[in-house]
Structures are given as structure tokens and as C-alpha cells.
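Architecture and fold: a report
Okay, here's what each chain looks like letter by letter:
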Amino acid sequence: MKWMLYILMFCYGFLATTSGQEQNIIKRNSLHQEYTVDKSTSSKTILLGGILNQYVDYSPPYLYWFPAVDSNKTIQNALRLYISGKFYKWEQRKAFTMGITGKAYWLAIKVKDTSASQQTYLWSFYTTSCKYEYYELDTSGNLRSQFHTSTYSTLKKRPYPVRSVSFPFEIKGGETRLLFVKIQPTNTDVLYVDQDFSTPEDFLLWEIGYTVLLNRYFGFFIFALLANALLFFYMRNRIYGWLSVYIAFLLLYNLNDFCFDVLIFPDWLFEKFVLIPKFTWIIGATFCSLIVFNRFTEQKKNFPNWYRVSRLFIKGLQFLMPVCVLAHIFAWDHQNSELVVLRFAAYSILVAAILFQFLNLFYLSFKKQRRGLFFLLSSGPLIISAFF
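All of the points below concern the structure found in this document. (Residues numbered from 1 in each chain as written. Predicted model: local features only at pLDDT ≥ 70, side-chain atom pairs only at ≥ 80, totals over all residues. Heavy atoms only, no water.)

Contact geometry for helix α7 (residues 279-297) and helix α9 (residues 304-329): axes closest at 9 Å, N-to-C directions at 155°. In terms of orientation, α7 and α9 fall into the roughly antiparallel class. The two elements α7 and α9 meet at a crossing, and its hand is left-handed. Side by side, α7 and α9 meet where Phe279, Thr280, Trp281, Ile283, Gly284, Thr286, Phe287, Leu290, Ile291 and Asn294 of the first sit next to Tyr307, Ser310, Phe313, Ile314, Leu317, Gln318, Met321, Cys324 and Val325 of the second. (Axes fitted to C-alpha atoms, helices over the stretch in contact; angles between N-to-C directions. Helix = DSSP H or I, 4+ residues; strand = E, 2+ residues; numbered from the N terminus. Parallel < 35°, antiparallel > 145°, perpendicular 65-115°, else oblique. Left-handed = near helix turned anticlockwise from the far one by under 90°. Contact = heavy atoms within 4.5 Å.)

Judged by nonpolar contacts, the single largest core of 45 residues is most densely connected at Leu214, Phe218, Phe258, Phe260, Trp281, Ile283 and Leu290. Elements with a minimum of two residues in this core: α3 (200-235), α4 (238-257), α6 (267-273), α7, α9 and α10 (337-366). Here this core gets eight residues from one element, more than from any other, and that element is α7. Beyond its immediate sequence surroundings of up to four residues, Leu214 is in contact with Phe258 and Phe260. (Core = buried A, V, L, I, M, F, W, Y, C linked by side-chain atoms within 4.5 Å. Buried < 20%, exposed > 50% of the residue type's maximum accessible area, 1.4 Å probe, protein only.)

Here the focus is α4. The end-to-end C-alpha separation of α4 is 29 Å, in line with the 28 Å expected for 20 residues at 1.5 Å each. The buried fraction of α4 amounts to 15 of the 20 residues, a majority that puts the element mostly inside the structure. Two to three positions downstream of the cap, the backbone nitrogen of Ile239 sits 3.0 Å from a side-chain oxygen, assigning the N-cap of α4 to Asn237. A positive phi of about 65° marks Cys259, the residue just after α4. (Expected span 1.5 Å × (residues − 1). Polar contact = N/O pair within 3.5 Å; in protein donor to acceptor, adjacent residues only side chain to side chain.)

Attention shifts here to empty space enclosed by the protein. Per the stated rule, a full pass over the model turns up one cavity of 30 Å³ or more. The volume enclosed by the largest cavity comes to roughly 80 Å³. The residue makeup of the lining of the largest cavity, split by class, is four nonpolar, four polar and three charged. (1 Å grid on protein atoms, 1.4 Å probe; cavity = no way out; pocket = protein on both sides within 12 Å on 5 of 7 lines; lining within 4 Å. Points joined across faces, edges and corners; volume = space filled by probe spheres on them. Nonpolar A, V, L, I, M, F, W, Y, C, P; charged D, E, K, R; others polar.)

Computed from the structure, the second largest pocket encloses a volume of approximately 240 Å³. Ala104, Lys131, Glu133, Lys182 and Gln184 are, among the 15 residues lining the second largest pocket, the residues nearest its centre. Residue assignment for the lining of the second largest pocket shows that the elements contributing at least two residues are β8 (130-137), β9 (143-150) and β11 (176-185). Looking at the lining of the second largest pocket residue by residue, the classes come out as five nonpolar, four polar and six charged.

One open sheet holds the three strands; their spatial order is β10-β7-β13, and the pairing between them is antiparallel. Both edges of this open sheet fall to β10 (165-171) and β13 (195-198), since each of them pairs with a single strand only. Between one strand axis and the next, the sheet turns through 20° on average, direction left out of account. Along the sheet, α3 makes contact with β7 (119-125), β10 and β13, crossing β7 at roughly 50°. (Pairing = 2+ DSSP bridges.)

In this section: the pattern of salt bridges. Inspection of every chain in the model, using the stated rule, returns 10 salt bridges. Of the charged contacts, one joins Lys73 and Asp70 as a salt bridge, the two residues approaching to 3.4 Å between their closest N and O atoms. Look at Asp70 and you get exposed, because its relative accessible area is 68%. With a closest N to O distance of 2.9 Å, Glu207 and Arg163 form a salt bridge. Taken together, the residues span a long stretch of sequence, with Glu207 in helix α3 and Arg163 in the loop between β9 and β10 at a distance of 44 residues. Looking at Glu207, the relative accessible area reads 9%, which means it is buried. The buried category is assigned to Arg163, whose relative accessible area is 6%. Each of Glu136, Arg144, Glu175 and Arg177 takes part in a single network of salt bridges with overlapping partners. (Salt bridge = Lys/Arg side-chain N within 4 Å of Asp/Glu carboxyl O.)

Set out below in C-alpha cells:
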């Protein structure tokens with residue numbers, strides 16, 4: 001049955017590759033056109049035209065931003081700074097990002113409807129691990145609506161019951177709105193904001209196709225998990241058992257990363273699951289990967305020195321994972337200094353473990369160890385996708 005083990009090891013590499021490239025499964029802008037913009041006004045405006053299958057890309061034109069520090073955390077101060085021209089224009093044609101940060105930021109954008117009747121639009125955010133404060137103002141600065149929510153909120157508690165955090169607003173033909181959102185990272189240390197504007201009809205139409213695609217993607221993970229679990233119980237080979245756990249961790253990571261956890265889990269489970277940083281599931285997957293690698297390549301017998309170092313990383317990851325889970329489930333503030341230090345320590349150990357496994361893999365391949373070469377073949381797509 002060795003041939004079956006080799007085939008599954010190749011699938012193992014494929015699964016890791018697809019997990020690393022999940023954001024490239026579908027490009028939403030392949031189904032949409034860009035909005036038009038009004039360049040004639042001193043304060044640039046996005047023109048919304050009703051149900052036209054139009055779409056603002058991940059970096060909407062005329063998006064403005066400003067740090068939400070202590071002196072301007074309120075909408076009143078943010079509006080004053082925006083009117084006085086203190087906000088910065090986001091010049092790049094990519095998703096808004098501030099890189100490594102735990103600070104909150106204001107986003108502001110002005111929209112105008114050009115249709116002949118009243119329309120409803122959604123300003124949607126697809127970023128996990130964030131809190132949001134949304135404010136809709138008219139041209140006179142009067143507050144029309146506001147929402148306070150987060151990716152921790154269940155569907156029933158969200159402004160619009162979908163997997164993304166979406167803020168609905170109504171606007172009549174010819175009217176202009178000024179929209180503000182304050183975004184605060186929670187159990188993450190990177191702020192990267194995917195966003196778009198759409199009508200509810202357009203949004204839901206696109207989500208149907210996207211959900212069908214993701215169901216196939218998750219279905220492949222579930223099939224691989226069950227196949228390995230059955231082989232483990234039938235053959236009593238622990239490699240299949242650890243591969244099952246490895247795939248389960250990748251599945252949990254992707255459910256959270258694609259925001260499908262809020263659709264699948266019951267509310268009581270989702271409210272706990274979403275508190276756990278998604279990199280924790282990568283810690284678990286790396287832990288399993290090291291064990292599978294050691295067993296598959298017979299490290300303990302053939303390369304004892306590499307095996308001893310590998311065991312140190314395995315024990316470190318085994319300790320880190322429950323610590324990260326429990327610390328974030330029971331913490332009130334995920335940006336307190338202790339948790340930030342814990343996360344950065346976990347990042348460092350995780351990156352070191354992954355780099356060690358790559359070095360170990362290349363060393364075995366250089367020594368022309370048969371199983372090491374096959375493992376390199378199965379992991380080749382993952383290695384390539386990590387750099388390109």
C-alpha cells in the first residue's frame with residue numbers, strides 16, 4: 001500500500017498550495033465594471049448608477065483615510081478633519097492597508113446617486129478580525145444612520161445578514177452622501193481591508209456563484225479528510241491520522257479566512273471560534289506537517305540530528321496552540337500588550353518552524369533520499385506559491 005501513501009502525500013502538497021492561494025480562487029472584478037467618478041468637484045465623488053452591475057474595486061477611487069488617534073476618535077472630530085482637508089487620499093490601486101498595526105483608522109468616501117429613483121447600496125468589508133463604526137451623513141453634515149458591529153457579530157446582529165460586514169444605505173437620485181467607517185483590528189496585527197460597493201441584488205447574485213465555488217473547494221478538503229481518516233482506522237498507520245488532523249486545521253483556517261464560519265457554525269460556537277486568531281490554525285497545520293514529514297521520511301532513523309531539532313519545534317508549537325486559543329477566548333481586549341507580545345512570539349516560532357522544514361526538506365533532497373525527493377515533489381507547488 002506504499003503507492004497509496006505516495007499519492008496522498010502529493011494531495012497533501014496540493015491542499016497546502018490551495019490553502020495558501022485561496023484569495024486567487026476568483027477575482028470579483030471579472031464580473032463587474034468600475035464605477036464612474038466625478039472629477040469636476042473639489043471634493044471627489046463616486047457616482048452610483050443603480051442596478052448596473054457596477055463595482056468599485058478593492059481600492060475605490062477617492063477613498064480618504066486618517067488615523068483614529070485619541071484626539072479624533074469621534075465622528076464629530078473626524079468630520080471636522082475631513083472638511084478641513086486633513087484626511088489623506090489613498091493613492092494606490094490596491095486594497096487599503098496599514099501593514100503591521102493595532103491602531104484604528106478612519107475611512108471616508110463621498111457618493112452620489114445618478115439614477116432616477118431611490119436606490120439601496122451596500123458598502124461591504126471582507127476583512128476578518130476587525131471592529132467597525134459606520135456613519136452616514138448628508139451634505140449638511142447631519143447624521144442619517146450609524147452602525148457599530150464587528151466580524152465577531154453573528155448574522156442576526158449585523159447591519160446586513162451576510163458573511164461580509166456590509167452597511168446598507170438608501171439614497172435618492174441626485175443626492176450625495178458622505179460615508180465614514182472607523183476600522184479597528186482585533187485579534188490580528190495587520191490591517192488589510194478588502195471592500196466594495198454594490199446593490200443588494202448585485203451582491204447576492206455574485207455571492208451565489210461564489211458560494212457554489214467555495215462549496216466545491218471545502219468539499220475537496222472534507223473528502224480528503226474523510227479519506228485519510230478511513231485509511232487511518234483501516235490500516236492503523238499514524239501518518240494518515242496526522243494527515244487528517246492537518247487537513248482539518250487547514251479547513252478551519254479557510255472557513256475563517258473566507259468568513260464562512262458565520263454561515264456554518266451555530267451562534268454559540270461561532271462566537272467562541274471567531275475569537276481565535278486564524279494563524280492559530282496554521283500553527284496546528286505546521287505542527288502536523290512536521291510530524292508527517294518526520295514519519296514519512298523516517299527522520300529519527302536516517303537523520304537523527306535534524307529529527308531532534310524538529311522535535312523541539314513540534315513541542316513548541318504543541319505548547320503555543322492551546323495557549324493562543326485560551327488566551328484569546330478569555331481575553332476582554334485582544335489588543336492589550338500581553339496578547340500582542342504573545343502573538344508576535346507565536347509568529348516568530350511559526351515562521352522559524354516553517355523555514356526549518358523547508359531547509360530540512362531541501363537537505364534530504366540534496367542527499368537524494370527517496371522519500372525526501374517525493375516530499376519535495378509534492379510540496380513544490382506550495383514552495384513556488386509562497387514566493388510568486
